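# Summary of structural features
So the chains spell out like this:
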Amino acid sequence: MIKQPSEWYQTSSDTVAKLEASLSPKEIKKYRLKWLKTVLYQMDSFGQNCKDCSMFRHALTACLKTLSNKPVTQNDEESYFNTLNGAVLHLQNKHKLTPPGENIGIWLALGLVIGAGLGFVLSDMAAGIAIGIITGMVIGGILDIAARKQGRGI
């Protein structure tokens, strides 16, 4: 059953859409607004049952109001990024969500190590490392896709 987004999420999402319309593409990328939408959605999903998510919802609302006001000061930007990073860390640690590409990075490193060992055994380091990197990227990509499909992605 698909949960209906709350009024808070609708309001926050509308605010992000207004920000996207008023900011330059460079600023949209700087403030990571596309990622912010995903964080808002996940905060909405957990916000009713989690005290910390509820706190981050209020903090993100305040930051969005601040970003809507021009000009944005250095302190406002710092507060926004600290709040966003704190919300993401909370989602990762407490709710076991994964940011995009996390599994690829982990499995790429593991594949590199295993590939180097395989290359040493086969007396062909280049082939071993290539096999390890490719295998790590494939496994990590599959796990990232699976996490996204299961709703565990940020």
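Look up a bit, the structure's there.
Report follows, based on the coordinates. This structure is a prediction, so every number in the text was calculated from the model and none was measured. Residue positions are given per chain, counting from 1 as you read along its sequence in written order. The predicted nature of this model means local features are confined to residues of pLDDT at least 70 and side-chain atom pairs, given and counted, to a pLDDT of 80 or more, with totals for whole chains, interfaces and linings taken over all residues. In computing side-chain properties, one takes all heavy atoms of the structure into account and sets aside hydrogens as well as water.

A word on the side chain of T98. Turning to its location among the elements, T98 is positioned in the loop between α5 (74-95) and α6 (102-122). A 1.4 Å probe rolled over the protein chains alone gives each residue an accessible area, and that area as a share of the maximum for its type sets the label: buried under 20%, exposed over 50%, partly exposed in between. On the accessibility criterion, T98 (12% relative accessible area) is buried. Contact definition: two residues touch when any of their heavy atoms are within 4.5 Å. Setting aside chain neighbours within four positions, we find T98 in contact with A147, R152, G153 and I154. A run of H or I in DSSP counts as a helix once it spans at least four residues, and a run of E counts as a strand once it spans at least two, with each numbered from the N terminus.

What follows covers the nonpolar core. Within the largest apolar cluster, 26 residues are counted, with the highest numbers of intra-cluster contacts made by L33, L36, V39, L40, M43 and Y80. For this core, the secondary-structure elements that each account for two or more residues are α1 (7-22), α3 (33-46), α4 (51-68) and α5. When neighbours within four sequence positions are excluded, Y80 is seen to be in contact with Y31, R32, L33, L36, C63 and L67. The nonpolar core is taken to be a set of buried Ala, Val, Leu, Ile, Met, Phe, Trp, Tyr and Cys residues, with the residues joined through side-chain atoms within 4.5 Å.

A few words on the packing of aromatic side chains. Only centres within 6.5 Å qualify two rings of Phe, Tyr or Trp (six-membered ring in Trp) as a pair; their planes then separate them into stacked at under 30 degrees, edge-to-face at over 60, and tilted for everything else. According to the stated counting rule, one finds four aromatic pairs in the structure shown. Measuring from ring centre to ring centre gives 6.0 Å for Y31 and F81, while their planes differ by 20°; the resulting arrangement is stacked. Here Y31, found in the loop between α2 (25-30) and α3, pairs with F81, found in helix α5; they are 50 residues apart in sequence, far enough to count as distant. Consider the rings of Y80 and F81, whose centres lie 5.1 Å apart with planes at 65°: the pair is edge-to-face. Judged by its relative accessible area of 1%, Y80 is buried. Here the aromatic cluster, defined as three or more aromatic residues joined through ring pairs, consists of Y31, Y80 and F81.

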